[in-house]
Amino acid sequence: MKPKTEFRFGVGASSILMILTVLALAALALLSLVNARGNAALAARSRTMTVAAFTADAEAQRTLALMDEVMAENASEDWTPKLLAARLARAGLADVTLDEDYHFAFALDAGVGRELHVEGILTPTALPRYTLTRHQLVAAALPAAPAAPLAMP
Amino acid sequence: MRNYRGNALLIELVIALLFFALSQAIILRVFADAQTTNADARAMTRALAQAGNVAETLRVSEDAEATLRAFGFQRREDERAQAGGYALQSADGYLLTAAITRFSQPAGLLTTVRLSAWRDGAELFSLPAVRYQGVAVP
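What you see is a predicted model, and the numbers here were worked out from it, not measured in a lab.

Draft legend 1. Molecular detail of the overall build of chain A. Of the regular secondary structure elements, chain A holds two helices and four strands. Going from the N terminus to the C terminus, chain A shows its helices and strands as α-α-β-β-β-β. Put simply, of all contacts in chain A between residues at least 6 apart along the chain, 42% involve residues at least 24 apart.

So this is what it looks like as structure tokens:
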């Protein structure tokens, strides 16, 4: 007669089971934490970019207001582009470029490698005194990567 | 011998349970931290989207007060909204406030609306919505 073998829950099996369970739960918890921190970092970056963009836009509006004020204060002036550019520079708007056709342009830093480009046309003797033709947020150009060879040597 | 093996198994089970309980206390804390961080990030993202939407509309709006009321802002005497400011309480756990300032010059009017987001008494961010309206007719 074959001897009956007893099956016993061996010493050590429960420990192994417990260790495996704890390791799995710890991995899950760490993954959750890493994912949450990634979300928080993304939200912080989004905040930085949005606030910087609106701050640049606010500065652009103030610049336009100052330009309008300069032209309004000297409404009876016999304007030339050179004279107008000098008046704008005297008012603290040296970064505003003005060409012979009264096209103006300036750029403001909008954070995270971006710039707000504003362009338009000035009409100092008529109302409205300026017309916007461009109001664009531009990302900085990426450095040109070396061209990959089309065929292997 | 049987008694000895049974006792060893019992002791091992007790130690394993104690270790399991201790480890679960730590793991649950990590889960709670992750949940809190996620909730904060979610509130920040939603507040940013809403504030950006309001700011974009204010940039082209001629009546800042009417625009704020259309978005659900209410005039409120709140220390964060400042005197005469507007506030909007969101269901996502943040508060948006708007403070309007105007600078009038002969050439036109510069309207600045400072939008701020608050959560648990701390400011999340603040962004300006500025519009300059030049004189269109003499």
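Draft legend 2. Main features of the pairing of strand 2 (residues 103–109) of chain A. All names here are of chain A. Where burial is concerned, the two faces of strand 2 differ: the one with Phe104, Phe106 and Leu108 is buried and the one with His103, Ala105, Ala107 and Asp109 is not. Two elements, strand 1 (residues 97–98) and strand 2, share two bridges in a ladder whose sense is antiparallel. Its bridge partner being in strand 2, Leu98 is matched across the sheet by Phe104. Linking strand 1 back to strand 2 in an antiparallel pair, the connection comprises four residues, with Tyr102 at a positive phi of about 65°. With seven bridges connecting them, strand 2 and strand 3 (residues 114–122) associate as antiparallel partners. Following the sheet pairing, Ala105 is matched in strand 3 by Glu119. Here strand 2 folds back onto strand 3, and the loop between the two strands holds four residues, one of which, Gly111, carries a positive phi near 75°.

Draft legend 3. Structural detail: the interface of chain B and chain A. Facing 41 residues of chain B, the contacting portion of chain A comprises 35 residues. Those elements that place two or more of their residues in the side of chain B that touches chain A are helix 1 (2–59), strand 4 (108–119) and strand 5 (122–134) of chain B. Looking at the side of chain B that touches chain A element by element, the count peaks at 24 residues for helix 1 of chain B. Of the residues assigned to the side of chain B that touches chain A, the class counts are 27 nonpolar, eight polar and six charged.

Draft legend 4. A look at the nonpolar core. If you look at the biggest cluster of nonpolar residues, it comprises 49 residues, and the most contacted ones within it are B:Ala47, B:Ala51, B:Ala55, B:Leu96 and B:Leu115. For this core, the leading source of residues is helix 1 (residues 13–73) of chain A, giving ten residues.

Draft legend 5. Spatial organisation of the pairing of strand 4 of chain B. Residues and elements named next belong to chain B. The sheet contact formed by strand 3 (residues 95–105) and strand 4 spans eleven bridges and is antiparallel. The residue of strand 4 that forms the bridge with Gln105 is Gly108. Taken together, the twelve bridges between strand 4 and strand 5 define a ladder with antiparallel strand orientation. The partner of Val113 across the bridge, within strand 5, is Ala129. Counting the residues in the hairpin turn of strand 4 and strand 5 gives two residues, including Asp120, whose phi is positive at 55°.

Cut-offs used in this document
- Residues numbered from 1 in each chain as written.
- Chains lettered and ligands numbered in written order.
- Predicted model: local features only at pLDDT ≥ 70, side-chain atom pairs only at ≥ 80, totals over all residues.
- Helix = DSSP H or I, 4+ residues; strand = E, 2+ residues; numbered from the N terminus.
- Contact = placed C-beta atoms within 7 Å.
- Buried ≥ 20, exposed ≤ 12 C-beta atoms within 10 Å, placed from the backbone.
- Pairing = 2+ DSSP bridges.
- Nonpolar A, V, L, I, M, F, W, Y, C, P; charged D, E, K, R; others polar.
- Core = buried A, V, L, I, M, F, W, Y, C linked by C-beta atoms within 7 Å.

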